[in-house]
Amino acid sequence: MKAVDFDYAQPATLDAALELLSREDVMVRPVAGSQSLGPMLNLRLAQPELLVDITRIAELQAIRLDGDRLTIGACVTHARLEDGDYPDVTRGVLPSVAAVIAYRAVRNRGTIGGSLAHADPAADWVNVLTALGADVVIAGTGGRRTVPMTDFILGVFETALQPGEIVAEIHVPALSDRARWGYYKVCRKTGEFSHATGAVLIDPARGVQRCVAGATSGKPVVIDGPALFEGGCTEAAMAAHLAGSPAADDPIALKTHTVALKRAIAQVMS
Amino acid sequence: MGEVSTAGSGVGARVRRKEDDRLLRGRGRFVGDIALVGMKELAFVRSPVAHATITGIEIPEEHRGAVFTWADLAAGGVKPIRAVSGLPGFKVSEQPALADGKVRFVGEPVAVCVAATRAEAEDIAASVFVDYAELPVNSDMLEAVTPGAPKVHDHWPDNVFLETNVGGNIAEIAATAPVKVSRTIRTARQCMVPLEGKGVVAHWDRHVEQLVLTTSTQMPHIVRAGLSECLDLDQGLIRVVAPDVGGGFGWKGLLQPEEIVAAWIAMRLDRPVRWTEDRREHLVAAANAREHHYEITAYADERGRLLGIEADAWVDAGAYSVYPFSACLEAAQVGSILPGPYDFAHYRCRTFSVCTNKPPIVPYRGVARTGVCFAMEQMIDAVADAVGREPWQVRLENLVPPEKMPFDNVTKKHFDSGDYPESVRRAVAAIELEGWRARQKSGEPDGRLIGVGFATYCEQSAHGTAVYHGWGIPMVPGHEQAQARITPDGGLELRVGVQSHGQSMETTFAQVAHEVLGIPLEKIKLVHGDTGLTPYSTGTWGSRSMVMAGGAVATACRTLAERLRKIGAHLMQAGPDGVVLEGGLVRAGPAAVTIREIAHTWYRAPQLLPADVDRGGLEVTAGYKPGSDHGTFSYATHAVALAVDPEIGQVEILDYLVVEDAGTMVNPMVVDGQIYGGVAQGVGTALYERMPYDAEGQPLASTFADYLVPGFTEVPHVRIIHMLTPSPYTEFGVKGIGEGGAIAPPAAICNAINDALKPLGVTVTNAPMTPEVILGAIAETRGAA
């Protein structure tokens, strides 16, 4: 279980990194915290010829408040989001969710941008940022583009990233003072991958009533709008909403996803 | 039998471990720490398919000389591994160290690649092309015994290593018993997962003209014997050394194909080579254990008094018979120990050791006892349910009572001592059963279901000669030997052929020696795990080392004590009567000489010795066997209270209690450690660990993301209550304790889960009891309702 021989670059600027990532003469991959790519390298599931380490690029490490949204650099670690040295506009969503990602050792290195780019359906940010209505800023040699989370995650390990592009930053909208949220995931053990994730955001001032069923066999299932809540959030209503989605591959999966969502909603209602 | 103290640093003292200073500071020396000049690393080409004929192996031109196959080894005289059970009807498998024209499981080594680094060796391995003509696969033991199943070994008539029949006087009871309950029970295939995987360094020592194999093993002398057989090399030309070993649990109690290959390559290339098992190899390629299937029926009277047990048991033994324990140790144990700690008269058990296209099954901590306990203890609860009594009451009804000890059970197991029912009574009191029953009635605010479960077992350990001969194992232990040597400065060196890889022997054997000789622990040095330095031993397995090698250490030290006493008496010009050795001094009334002075006299001033001094001097090799050849029987009752979340199928352990009797404890802290570690593994067996295979024999877990082991947050705080019934047959009354912790947790947890699910009318019978299993059982019951 040793990686194949590869070259390694650690550029200091985003432009230099994008230049390297656009090379077509070698198989090139970006790496940040290496918490998913590292094992894939050692298992030889990934065999790049050049690895571009983007963690020394200052602008990807920044967190700043831009009006009514928080901009988080792609290489900000889960640990930093957990520890909270930034103006949290999410009423605790970011630090609370960061604190339950895997183990602290993973959080010390793993990054929010890396997690999104990897796009494991069980990843916390994939589902929570969908619920929060975040946008992803993608950078390439051709410039930048911004896509909403619902268009960024396309499926299992599938994103809107094109060859040579990386996640540059994430825009998280500020929640209103009366916003309430809930988050529940079903894991076999502490730090393990989720089997069913429920994420809920109710923000009446902004007209948001959103439920997300994550850790499915596809992209997160979003139930937007008041329909579910008006129906009293019964288990049957939830199951009806999830029917036919990647959260309903088999009866036990559907049941588990329904329960995860129910428990996340219960946090909002309590 | 010696006097036992509980203070000081002798037998019974809770002293800190001598080895911890080295190990906890990361200063141990494991196979991975060894650096020899010019050493090369090995990587194996392993089969990606479960059953195939090899029709070609293509080695790229540039790597010729760096890749070797069975053709090379066979031309060099290497022979396949043969582990032949002595039981009649056993079918012999031959396991070549590298595949000989056929592969029989995914991960089987096909070729070996040599390079300066492991990464380069893996590059070479990736460039070797093997042509496989795939064959039909036996991926399930029950299908493998059906007519027309593909054969794993072409020349066998079927896929059964061995079928055994134990007992048989059951028909009348079966016809007349008032209560009859039957269950289908299964335990999953598991991996053993020691912290350190397997590893080996081999080189030829030109000075002593010996092959030196430094290997992560529990049994260096047996590895030497096996290497000698397979390499056709005199045992005198082989030295096997175990350095620090990071846990074994049975995985390192074997001769492994990779050891043979490393040894042969080192001799062939005349340079040191190392193979380090990585975690993926560990999970998919070999370290498999535990897979049992039971069809079992219990017969009882209206009070739950057992009248008989009838069972058919299948063990998925995998593709080959492992050296030295064979493919049939599991099934032989099942047949003989299924009756557990209970007293009943009628018994029949048929066992099948089934050959499949999976890695060979390896005896893992507890060996068959974990599966047997899982089956038998479910039956006790099932009987209790049938007769409407508490499961603990039915246990009391059936356990061998203390007044019958020593006791020969229905399979002629000779239980040496103990109060089995008392362990249940204490467990019921300490788990506070009444409180949990009240809580069950009132219900939980979060909707979870509370359950309490018990499991009682007795554990034969330190198996004697007759036991192993009876089980047909081609490695029968006899007298265990230890060497004790007073050093010229009055210290003590102990040399034992067993091997310490977590058992704390550097501390506990010193405590035994201290008990006899009074030499301080810091002046006692244990030398172990090296065929060049220690007496022969079958090694560390079967919870035998303290009973056997500890007994040998005590015996050797007693002989030394007598010699010290005689020389001391002479130096004090005292007659032999009334001269005693105590506290490290030889005393005659007010006069005393130290062991250091006596040692100085023997080694440096022999002119002062008595004329009739024992010519053996201050060095003794002594052999030992307990007074009974049946081994010792430690026992325990485990009790667990837990909560089942019926919506997501998850289990949280709320309280875990062990009431156990290991006889006299040499070091209670070490016994506690063995129990904690064992329970952690038992929790894994109960709730997490499963190596799944698909119908093509592909292992579906290859990393710890897929193969879950309990971690820090999943292992409960374990409360331990010790009972202390000495064995009448051993030095100090000690019993083997190394495996017990891992035996009962799956049974206790299963019984607790079923207790919790009782209001739903749901029963689970298979381990591990994952959320899928629990939710599946709930859904099935609802569907049937």
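> How do you make sense of the overall build of chain A when you look at a structure like this?
In terms of regular secondary structure, chain A is built from 11 helices and 14 strands. In terms of overall dimensions, chain A is globule-like: its C-alpha atoms have a radius of gyration of 19 Å, near the 18 Å expected for 270 residues. Each principal axis of the C-alpha distribution contributes one length, and for chain A these read about 55 × 40 × 30 Å. For chain A, the residues scored as buried account for 44% of the 270 residues in total.

> Would you mind going over the overall build of chain B with me for this structure?
For chain B, the count of helices and strands is 20 helices and 31 strands. Scaling as 2.2 N^0.38, a compact globule of 785 residues should have a C-alpha radius of gyration of about 28 Å, and chain B matches this with 27 Å. Scored against the burial criterion, the 785 residues of chain B give a buried share of 58%. Long-range pairs, those at least 24 residues apart, make up 80% of the contacts in chain B between residues at least 6 apart in sequence.

> I tried to follow helix α11 (residues 391-398) of chain B on my own but got confused; where do I start?
Residue and element names in this part refer to chain B. Taking burial as the measure, the eight residues of α11 include six buried ones, the bulk of the element. Within α11, burial applies to P391, W392, V394, R395, E397 and N398. In this fold, the buried residues of α11 make contact with β16 (306-318), α10 (369-387), α12 (420-430), β20 (449-461) and α19 (745-757).

> How should I be thinking about the sheet that holds strand β24 (residues 579-582) of chain B in this particular structure?
Strand pairing within a sheet occurs via backbone hydrogen bonds; the two strands may be parallel or antiparallel. All names here are of chain B. Taken together, three strands build an open sheet; the order of strands is β24-β25-β26 and the sheet is antiparallel. Of all strands in the sheet, those bounded by a partner on one side alone are β24 and β26 (591-594). Each strand of the sheet is rotated relative to its neighbour by a mean of 25°, with strand direction disregarded. In the sheet, β24 pairs with strand β25 (residues 585-588) via four bridges, with the strands oriented antiparallel. Within β25, the position partnered with V579 by the bridge is A588. Here helix α16 (residues 545-571) sits on the sheet and contacts β24, β25 and β26; the angle it forms with β24, its principal contact strand, is near 125°. Strands β25 and β26 of the sheet are contacted by helix α17 (residues 595-604), whose axis makes an angle of about 65° with β26.

> Please clarify how the pairing of strand β21 (residues 480-486) of chain B should be interpreted in this entry.
Within a regular strand, side chains alternate between the sheet's two faces. Residue and element names in this part refer to chain B. Burial analysis of β21 places six of its seven residues in the buried class, the great majority of the element. Bridge analysis of β21 against strand β27 (residues 619-624) gives six bridges, and the strand direction is antiparallel. By the bridge assignment, A482 is partnered in β27 with A622. Relative to strand β22 (residues 492-496), β21 runs antiparallel, the two sharing five bridges. Counted as the bridge partner of R485 is E493 from β22. In sequence, β21 turns back onto β22 through a hairpin of five residues, with G490 there showing a positive phi of about 85°.

> What is the right way to look at the sheet that holds strand β3 (residues 50-53) of chain A in this model?
All names here are of chain A. Reading across from one edge, β1-β3-β2 is the order of the three strands in this open sheet, with parallel pairing throughout. Each end of this open sheet is capped by a strand with a single partner; those strands are β1 (7-9) and β2 (28-31). Between one strand axis and the next, the sheet turns through 25° on average, direction left out of account. With three bridges joining them, β1 and β3 adopt parallel strand pairing. Paired with A9 across the bridge in β3 is V52. Set on the sheet, helix α1 (residues 14-21) makes contact with β1, β2 and β3; between it and β3 the angle comes to about 165°.

> Just checking my understanding: could you explain the interface of chain A and chain B for this structure?
How big an interface is tends to be stated in terms of the accessible area lost upon association of its parts. Counting residues at the interface gives 16 residues for chain A, matched by 19 residues for chain B. At five residues, helix α11 (residues 251-269) of chain A tops the list of elements feeding residues into the side of chain A that touches chain B. For the side of chain A that touches chain B, the per-class residue count stands at nine nonpolar, two polar and five charged.

> Whenever I open this one, the domain arrangement of chain A confuses me. Can you help?
What the domain assignment reports for chain A is domain 1 (7-53), domain 2 (59-173) and domain 3 (180-269). One C-alpha centre belongs to domain 1 of chain A, the other to domain 3 of chain A, and the line joining them spans 35 Å.

> Looking at this structure, how should I read helix α7 (residues 124-132) of chain A?
Count 3.6 residues to each turn of an α-helix, and residues three or four apart come out pointing the same way. All names here are of chain A. With respect to burial, α7 is a largely interior element, nine of its nine residues being buried. Within α7, the full set of buried residues consists of D124, W125, V126, N127, V128, L129, T130, A131 and L132. Positive backbone phi, approximately 75°, marks G133, located one or two places after α7.

> Would you explain the domain arrangement of chain B in this entry?
Residues and elements named next belong to chain B. Along its sequence, chain B is organised into domain 1 (20-28 + 479-624), domain 2 (34-135 + 198-245 + 252-286) and domain 3 (288-466 + 628-784). Spacing between the C-alpha centres of domain 1 and domain 2 amounts to 39 Å. If you look at the interface, domain 1 gives 14 residues, while domain 2 gives 14 residues. Split by residue class, the side of domain 1 that touches domain 2 holds two nonpolar, 11 polar and one charged.

> It is not clear to me how the nonpolar core should be interpreted in this structure. Could you clarify?
In summary, soluble globular proteins display a tendency toward joint burial of nonpolar side chains. Within the largest apolar cluster, 248 residues are counted, with the highest numbers of intra-cluster contacts made by L42, C113, A513, V553 and I753 of chain B. Tallying contributions element by element places α16 of chain B first for this core, with 14 residues. For L42 of chain B, the contacting residues outside a window of four places in its chain are V112, C113, V114, A121, A262, I265, V273, R274 and W275 of chain B. I54, I63, L201 and A264 of chain A belong to the second largest nonpolar core, which has 75 residues in total.

> Before we go on, may I ask you to explain the packing of α10 of chain B against α11 of chain B in this structure?
Packed helix pairs are specified by the crossing angle of their axes together with the interaxial distance, meaning the distance between the axes. Residues and elements named next belong to chain B. Between α10 and α11, the least distance of the axes is 8 Å, while the angle of their chain directions is 110°. As the angle between them shows, α10 and α11 are arranged roughly perpendicular. Counted together, I380, D381, V383 and A384 of α10 and P391, V394 and R395 of α11 form the full contact between these two elements. Across the contact of α10 with α11, the residue classes tally to five nonpolar, no polar and two charged.

> I would appreciate a short explanation of the confidence of the model for chain B in the present structure.
As a general rule, the predicted coordinates of low-pLDDT regions are not to be interpreted in detail. All names here are of chain B. For chain B, mean pLDDT is 96; residues scoring 70 or higher make up 99% of the total. Counted against residues more than four places away or in other chains, residues 1-6, with its pLDDT under 50, gives 14 contacts. Confidence metrics for the complex model read pTM 0.96 and ipTM 0.94.

> Could you clarify how one ought to interpret unusual backbone geometry in this entry?
Across the chain, the bulk of peptide bonds are trans and the bulk of non-glycine residues have phi less than zero. Cis geometry is adopted by the peptide bond preceding P324 of chain B, which originates at Y323 of chain B and carries an omega value of 10°. By the secondary structure assignment, P324 of chain B is in the loop between β16 and α9 (329-337). In the segment running from M405 of chain B into P406 of chain B, the intervening peptide bond is cis, with an omega of -15°. Relative to the elements of secondary structure, P406 of chain B occurs in the loop between α11 and β18 (407-408). Phi is positive for R44 of chain A, which is not a glycine, with a value near 65°. Along the polypeptide, R44 of chain A turns up in the loop between α2 (37-42) and β3.

> Before we go on, may I ask you to explain the pairing of strand β28 (residues 632-645) of chain B in this structure?
Residue and element names in this part refer to chain B. The buried fraction of β28 is high, at 13 of 14 residues. Where β20 lies against β28, 13 bridges are found, and the strand directions are antiparallel. Its bridge partner being in β28, L449 is matched across the sheet by V644. If you look at the hairpin formed by β28 and strand β29 (residues 650-661), you'll find four residues sitting between the two strands, and G649 has a positive phi there, around 75°.

> Looking at this structure, how should I read the environment of Y693 of chain B?
Examined against the element boundaries, Y693 of chain B turns out to sit in the loop between α18 (668-688) and β30 (718-723). Along the backbone, Y693 of chain B and G199 of chain B are 494 residues apart, and their C-alpha atoms lie at a distance of 26 Å.

> Please clarify how the packing of helix α6 (residues 220-231) of chain B against helix α7 (residues 257-269) of chain B should be interpreted in this entry.
All names here are of chain B. The interhelical angle for the contact between α6 and α7, taken along N-to-C directions, is 65°, at an axis separation of 10 Å. Handedness of the α6/α7 crossing: right-handed. For the pair α6 and α7, contact is made by V223, L227, C230 and L231 and by E259, I260, A263 and W264, respectively. Classifying every residue of the contact of α6 with α7 gives seven nonpolar, no polar and one charged.

> Please explain the environment of C750 of chain B as it appears in this structure.
All names here are of chain B. You can see C750 is positioned in helix α19. Assessed through the 28 C-beta atoms surrounding it within 10 Å, C750 is described here as buried. Non-local contacts of C750, meaning those with residues more than four positions away in its chain, are made with F374, Q378, G453, A686, V764, A767 and M769.

Conventions and cut-offs
Residues numbered from 1 in each chain as written. Chains lettered and ligands numbered in written order. Predicted model: local features only at pLDDT ≥ 70, side-chain atom pairs only at ≥ 80, totals over all residues. Helix = DSSP H or I, 4+ residues; strand = E, 2+ residues; numbered from the N terminus. Rg over C-alpha atoms; globule rule 2.2 N^0.38 Å. Buried ≥ 20, exposed ≤ 12 C-beta atoms within 10 Å, placed from the backbone. Contact = placed C-beta atoms within 7 Å. Pairing = 2+ DSSP bridges. Axes fitted to C-alpha atoms, helices over the stretch in contact; angles between N-to-C directions. Nonpolar A, V, L, I, M, F, W, Y, C, P; charged D, E, K, R; others polar. Domains from an automatic or database assignment. Core = buried A, V, L, I, M, F, W, Y, C linked by C-beta atoms within 7 Å. Parallel < 35°, antiparallel > 145°, perpendicular 65-115°, else oblique. pLDDT = per-residue confidence, 0-100. Left-handed = near helix turned anticlockwise from the far one by under 90°.

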